[in-house]
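# Analysis of the macromolecular model
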Amino acid sequence: MTQWDVIVIGGGHAGCEAAAAAARFGARTLLLTHKIETLGEMSCNPAIGGLGKGHLVREIDALDGLMGRMADAAGIQFRMLNRSRGPAVRGPRAQIDRKLYRQAMQAELANYPNLEIIADGVEDLVVQGAAVAGAVGASGRTYAAPKVVLTTGTFLKGVIHRGEERIPAGRVGDEPSIGLADRLYGLGLSMGRLKTGTPARLVGSSIDWSQLERQEADADPVPFSFMTVSISTPQVACGVTYTTEATHKIIAERLSESAVYGGKLTGRGPRYCPSIEDKVVRFADKTSHQIFLEPEGLDDDTVYPNGISTSVSEETQDLFLRTIPGLENVQVRRYGYAIEYDYVDPRELTPALEVKRLAGLYLAGQINGTTGYEEAGAQGLVAGLNAARAAACAEPATFTRDQAYIGVMIDDLVTRGVTEPYRMFTSRAEFRLILRADNADQRLTPLGVALGCVGEARARAFAAKSSQLDDARAEAKALTLSPAQAQAHGFRVNADGQRRSLTQLLAYPEITFDQLAGVWPQIAAWPPVIREQVEIDATYAGYLDRQAADVAAFRRDEDLRLPADIDYAAIGGLSNEARTKLAAIRPTTLGQAGRIEGITPGALTALLVHVRRPRAA
């Protein structure tokens with residue numbers, strides 16, 4: 001029997017990143033997927049990035065993942081969200097040509113070193129004792145490996161809801177996974193149901209675009225990947241329209257058709273991406289809601305109406321769509337629906353995304369209670385890398401909250417669990433000023449090199465950029481003006497006798513880089529990406545010093561490791577609630593213990609005293 005080091009189950013965004021990360025580390029990797037032709041499929045909206053999500057894409061890229069480069073190849077409308085605000089909260093986003101993205105991902109994986117791809121659904125896991133040992137395909141074939149990464153998306157006992165229709169499916173046209181769900185329940189894992197939804201797909205030629213506002217792409221598109229020099233794919237505009245009071249009236253009158261309001265499902269949906277039924281009920285005072293009409297491809301006439309996901313009947317969808325300006329004569333290519341599916345409580349996982357109850361099994365993506373391509377891809381990379389490292393008997397790779405949004409997300413999941421599909425926002429991060437999208441490579445690429453997931457080409461490119469950046473930062477510190485010299489150039493500074501460096505002068509809101517280039521012409525030759533970093537350094541200089549103190553305090557607790565075999569029942573001063581929660585989650589650090597809901601400062605003190613007490617020989 002052929003033996004692999006790592007088997008990845010599922011060919012969505014989590015699965016593709018997991019397989020690539022394991023293979024980059026050097027593990028003999030097998031990717032099992034229902035259909036090779038749907039590898040990299042964008043099952044929901046044709047967009048990648050956004051606020052918080054764009055940070056994740058940049059971090060995936062900094063660790064040599066795939067999503068950023070694939071999005072750059074397939075992006076047809078790049079926009080930097082929050083461009084007018086500070087760099088810490090800017091979010092790169094792009095509309096994506098579905099076909100181009102799928103083709104780029106499949107081409108990338110087809111010849112990926114150490115990776116084999118086989119089309120076979122997976123019905124069960126091979127379990128030997130307390131460890132996973134492989135997977136059983138729908139074909140009847142058994143695939144052997146000591147590490148398995150499960151990325152099933154919405155396939156675990158998935159059911160599509162549309163009006164009175166109930167269709168067992170992982171997504172439209174694909175069968176759900178029943179055997180794997182039963183296996184996970186059989187392990188005694190805490191599991192639940194979640195739901196998500198999607199809107200109808202519209203025929204673009206049936207839309208009256210002349211009535212609509214247009215949202216253009218940025219004139220200077222900013223790539224996701226640090227390896228992308230420029231964007232060459234043609235850019236398109238999106239349309240903007242709004243629901244009407246007539247729209248809301250139709251939905252309100254037929255609310256019983258909705259999967260949620262008709263009482264047909266129990267899974268909770270994403271609060272920050274509500275269906276149009278949710279909007280009508282929750283925001284009853286609003287007479288309209290914005291809709292973005294997003295083209296799905298350069299040579300595809302399909303349009304995705306972002307903002308009106310729904311699970312009402314086809315008849316009702318036809319009726320309410322035609323009350324929307326520009327859609328009076330619209331034709332529907334595929335009707336919207338809700339999908340309900342099983343997920344595993346992510347508190348069943350270690351920070352390496354390994355299942356605590358079954359050694360060698362890793363979970364990533366929507367199976368962990370998250371929503372979104374970006375969240376799935378980031379988890380996939382971490383799970384795939386850790387599966388490969390475990391197969392090589394290396395220590396797990398974990399990311400902390402002060403290192404990456406990836407670390408924030410995984411810590412949130414494994415420490416707090418989820419009550420609704422988890423989505424990344426910049427507000428979830430305590431250290432936003434240092435966790436910016438623009439510096440993801442500086443934060444993570446050296447770590448990725450050390451962990452074994454960054455290839456030679458990226459390592460060389462990063463080393464060259466780092467050298468340029470070091471030189472520019474040194475020059476920016478060395479170039480100085482006295483107050484008299486600064487005032488002679490028209491810069492208003494205090495006449496305090498203190499010389500000010502280029503970096504310090506840039507921190508003044510009224511002094512621009514171009515003005516300083518008039519003083520020191522040589523800096524005009526700095527590459528744009530280097531110039532941007534020096535400007536951001538100057539903008540945040542004082543704030544970063546203060547955040548560094550916060551990080552140091554965070555690290556003190558985070559660096560205090562808790563023994564894996566700690567007996568919480570033996571710790572005096574803990575309430576029964578605290579003992580139960582600590583024993584269930586088994587935090588790896590004192591910091592993580594403090595982030596568990598219900599763990600009080602008193603409980604942390606008792607835990608600290610116990611850990612520092614000399615252990616009996």
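This write-up is about the structure you can find in this document. (Residues numbered from 1 in each chain as written. Predicted model: local features only at pLDDT ≥ 70, side-chain atom pairs only at ≥ 80, totals over all residues. Heavy atoms only, no water.)

### Quick word on the layout of surface pockets
Here is the rule: Space inside and on the surface of the protein is sampled on a 1 Å grid over the protein atoms alone, with a cavity defined as a set of points where a 1.4 Å probe fits but cannot get out and a pocket as an open set with protein on both sides within 12 Å along at least 5 of 7 lines; lining residues have an atom within 4 Å of a point. Grid points are joined across faces, edges and corners, and a volume is the space filled by probe spheres set on the points. Strands are runs of DSSP state E lasting at least two residues, helices are runs of H or I lasting at least four, and both sets are numbered from the N terminus onward. Charged means Asp, Glu, Lys or Arg here, nonpolar means Ala, Val, Leu, Ile, Met, Phe, Trp, Tyr, Cys or Pro, and polar covers whatever is left, Gly included.
Space inside the second largest pocket adds up to approximately 1000 Å³. Around the second largest pocket sit 36 residues that line it, and Arg58, Val222, Pro223, Val529 and Glu532 are the ones nearest its centre. Those elements that place two or more of their residues in the lining of the second largest pocket are α11 (440-451), α12 (456-478) and α16 (528-558). Top contributing element to the lining of the second largest pocket by residue count: α16, with nine residues. Residue composition of the lining of the second largest pocket, grouped by class: 17 nonpolar, seven polar and 12 charged.

### Structural notes on unusual backbone geometry
To keep things clear, this is the line we draw: Relative accessibility under 20% of the residue-type maximum defines a buried residue, over 50% an exposed one, and the middle range a partly exposed one, all with a 1.4 Å probe and only protein chains included.
Positive phi outside glycine occurs at asparagine 114, with the angle close to 70°. Relative to the helices and strands, asparagine 114 is located in the loop between α4 (98-110) and β6 (115-119). Backbone geometry places cysteine 393, a non-glycine residue, at a positive phi of 60°. Tracing the backbone through its elements, the reader meets cysteine 393 in the loop between α9 (373-391) and α10 (405-416). Residue classification places cysteine 393 among the exposed positions, given a relative accessible area of 74%.

### Some thoughts on the sheet that holds strand β17 (residues 290-297)
Definition in use: By this definition, two strands are paired if DSSP reports at least two bridges between them. Interaxial angles span 0 to 180 degrees and are taken between N-to-C directions of axes, which are lines fitted to C-alpha atoms, for helices over the stretch in contact.
In spatial order, the strands read β15-β16-β17-β18-β14-β19; together these six strands make up an open sheet with antiparallel pairing. Looking at which strands have only one partner, the edges of the open sheet turn out to be β15 (213-215) and β19 (332-334). For this sheet, the mean inter-axis angle between neighbouring strands, taken without regard to orientation, is 35°. When strand β14 (residues 201-203) meets strand β18 (residues 300-306), the two strands line up antiparallel, connected through two bridges. Paired with valine 203 across the two strands is threonine 302, which belongs to β18.

### Remarks on a nonpolar patch on the surface
What counts is decided by this rule: Within the patch definition used here, like charges are joined within 9 Å and nonpolar side chains (Val, Leu, Ile, Met, Phe, Trp, Tyr) within 5 Å, considering only residues with over 30% relative accessible area and no salt bridge. Per-residue and other accessible areas follow the Shrake-Rupley method at a 1.4 Å probe size, with only the shown protein chains counted as cover for residues. A side-chain nitrogen of Lys or Arg and a carboxyl oxygen of Asp or Glu constitute a salt bridge if their distance falls within 4 Å.
On the surface, Val260, Tyr261 and Val281 cluster together to form a nonpolar patch covering roughly 210 Å² of accessible area. Along the chain, the position of tyrosine 261 falls in the loop between α6 (245-253) and α7 (276-282).

### Regarding empty space enclosed by the protein
Taken as a whole and judged by the stated rule, the model has two cavities of 30 Å³ or more. There is about 60 Å³ of room inside the largest cavity. Lining the largest cavity are Lys195, Gly197, Ser258, Ala259, Val260, Ser275, Glu277, Ser309, Thr310, Ser311, Tyr337 and Ala338. At the level of secondary structure, the elements contributing two or more residues to the lining of the largest cavity comprise β13 (191-198) and β20 (337-344).

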